[in-house]
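A structural walkthrough
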Amino acid sequence: MKISRCVGEIITPLAIGGALPRSLELRSASVKGVLRFWWRAINADLPLDEMKKEEGGIFGSSAENQGRSKFSVQIPTRRLKQRSYSPIYHERGRWGIKAFVPGQKIAIVLRSRGDAKNHKMYEDILQLALLLGGLGKRTRRGFGCIELQGINEKEIFAPRTEEDYLARLQTLLEACKPGCFSRGGNRIWSSNTFSGDYPWVRKIEIGKAYQDYSDLLAAISVAAHDHDSHYTGFAGRIGRFASPIYVSVIRTGSYYRPIITTLNTAFAPGYYPRGRNTQSGFKGGIL
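Residues numbered from 1 in each chain as written. Predicted model: local features only at pLDDT ≥ 70, side-chain atom pairs only at ≥ 80, totals over all residues. Heavy atoms only, no water.

The next subject is empty space enclosed by the protein. A full pass over the atoms with the stated rule returns one cavity of 30 Å³ or more. Taken together, Gln127, Leu130, Leu131, Ile146, Glu147, Leu148, Tyr165 and Arg168 make up the full set of residues lining the largest cavity. For the lining of the largest cavity, a count of residues per class yields five nonpolar, one polar and two charged. (1 Å grid on protein atoms, 1.4 Å probe; cavity = no way out; pocket = protein on both sides within 12 Å on 5 of 7 lines; lining within 4 Å. Points joined across faces, edges and corners; volume = space filled by probe spheres on them. Nonpolar A, V, L, I, M, F, W, Y, C, P; charged D, E, K, R; others polar.)

Next comes the structure, spelled out in structure tokens:
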């Protein structure tokens, strides 16, 4: 059996629900769900049947001849500090949700019975997923971000510039999905013409530096408020649509930067959005 013990640091408030109401718990199923989401988001070139087959082969499926996942995730239990944070960050003090406090270390253990190549792929998917997103609530607006810092006691290179991060992202994308992404300027984009009607990765951009994560979360919150539209996500009587603009947070040295992933906007069949598309304005308010 191959084992990777990955150590990371929580860098923005992590609000992740546990088995009991209003409790916090880092759960293995949540991590595997995030890995599955991002794997699917970078495999948009595959026909749907083939994608389901490959996805089931990695993450497990009830389909015949697939069965259980080829790898497992474990998060060793430890007591973490928590406090209340407002999910509408620029309106701090009005109401809040419980979250784990930034600055604390966590471990994620990957185990697999496959060969070294496949095990490395699981490591790469984990690194990619935690760069582009996070765990728990409000991850599309900067919450729940974890900076991986080491695997099996080997330190991961800490990027100090946006160019370093883009190079690292490109390396991970190439390892997970060869030949499908290009890099230039401050962004990475899909170099293939995909047609899948679901949220696949179109573009990844890294924005300007902020002094503190609180400043960046407030900027994200203000931009989301000012540029709210059907194109940036909604929930209510008309249904629910997760934002196709995914804003995560990374660190370069002592600064915090937004990393924005633009996913394909895929409304439910038969749904027609009202109003103008404000995605560019929302991103511009952060970048």
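Glancing now at the side chain of arginine 168. Mapped onto the secondary structure, arginine 168 falls in helix α4 (residues 162-176). Put simply, arginine 168 is tucked away with no salt bridge, and the nearest opposite charge, on glutamate 147, sits 6.8 Å away. A distance of 3.4 Å separates polar atoms of two side chains, one belonging to arginine 168 and the other to glutamine 127. Ignoring anything within four residues of it in the chain, the contact list for arginine 168 reads Gln127, Leu131, Leu148, Ile156, Phe157 and Pro159. (Helix = DSSP H or I, 4+ residues; strand = E, 2+ residues; numbered from the N terminus. Buried < 20%, exposed > 50% of the residue type's maximum accessible area, 1.4 Å probe, protein only. Lys, Arg positive; Asp, Glu negative; His and termini not counted. Salt bridge = Lys/Arg side-chain N within 4 Å of Asp/Glu carboxyl O. Polar contact = N/O pair within 3.5 Å; in protein donor to acceptor, adjacent residues only side chain to side chain. Contact = heavy atoms within 4.5 Å.)

This part covers the sheet that holds strand β10 (residues 201-206). Read from one edge of the open sheet, five strands run β8-β9-β10-β14-β13, paired in antiparallel fashion. Of all strands in the sheet, those with a lone pairing partner are β8 (181-184) and β13 (245-252), marking the two edges. Averaged over all pairs of adjacent strands, the angle between their axes in this sheet comes to 20 degrees, without regard to strand direction. Strands β10, β13 and β14 (255-263) of the sheet are contacted by helix α1 (residues 28-41), whose axis makes an angle of about 60 degrees with β14. In this fold helix α3 (residues 116-132) packs onto β10, β13 and β14, with an angle of close to 100 degrees to the strand it touches most, β13. (Pairing = 2+ DSSP bridges. Axes fitted to C-alpha atoms, helices over the stretch in contact; angles between N-to-C directions.)

Turning our attention to the pairing of β14. Counting buried positions along β14 gives eight out of nine residues, so the element sits mostly inside the fold. Sheet topology note: the β10/β14 ladder contains five bridges and is antiparallel. In the strand pairing of β14, lysine 203 is matched with threonine 262. Alignment of β13 against β14, held across eight bridges, turns out to be antiparallel. Within β14, the residue paired with tyrosine 246 across the bridge is threonine 261. The turn linking β13 back onto β14 is made up of two residues, and glycine 253 within it adopts a positive phi angle of 65 degrees.

Turning to the packing of α1 against helix α2 (residues 48-59), a few remarks are in order. Where α1 contacts α2, the axes come no closer than 11 Å and their chain directions differ by 150 degrees. Here α1 lies roughly antiparallel to α2, going by the angle between them. Seen along the crossing, α1 lies across α2 with a hand that is right-handed. Contacts between α1 and α2 involve Lys32, Leu35, Arg36, Trp39 and Arg40 from the first element and Met51, Glu54, Glu55, Ile58 and Phe59 from the second. Along the lines of polarity and charge, the residues of the contact of α1 with α2 split into five nonpolar, no polar and five charged. (Parallel < 35°, antiparallel > 145°, perpendicular 65-115°, else oblique. Left-handed = near helix turned anticlockwise from the far one by under 90°.)

So, on to the nonpolar core. Formed by 57 residues in total, the largest nonpolar core has its most connected members in Leu26, Trp38 and Leu126. The element contributing the most residues to this core is α3, with eight residues. In contact with leucine 26, not counting residues within four places along its chain, are Leu14, Ile16, Ile75, Leu80, Phe100, Ile106 and Leu135. Residues Tyr210, Tyr213, Ala218 and Ile220 belong to the second largest nonpolar core, which totals 24 residues. (Core = buried A, V, L, I, M, F, W, Y, C linked by side-chain atoms within 4.5 Å.)

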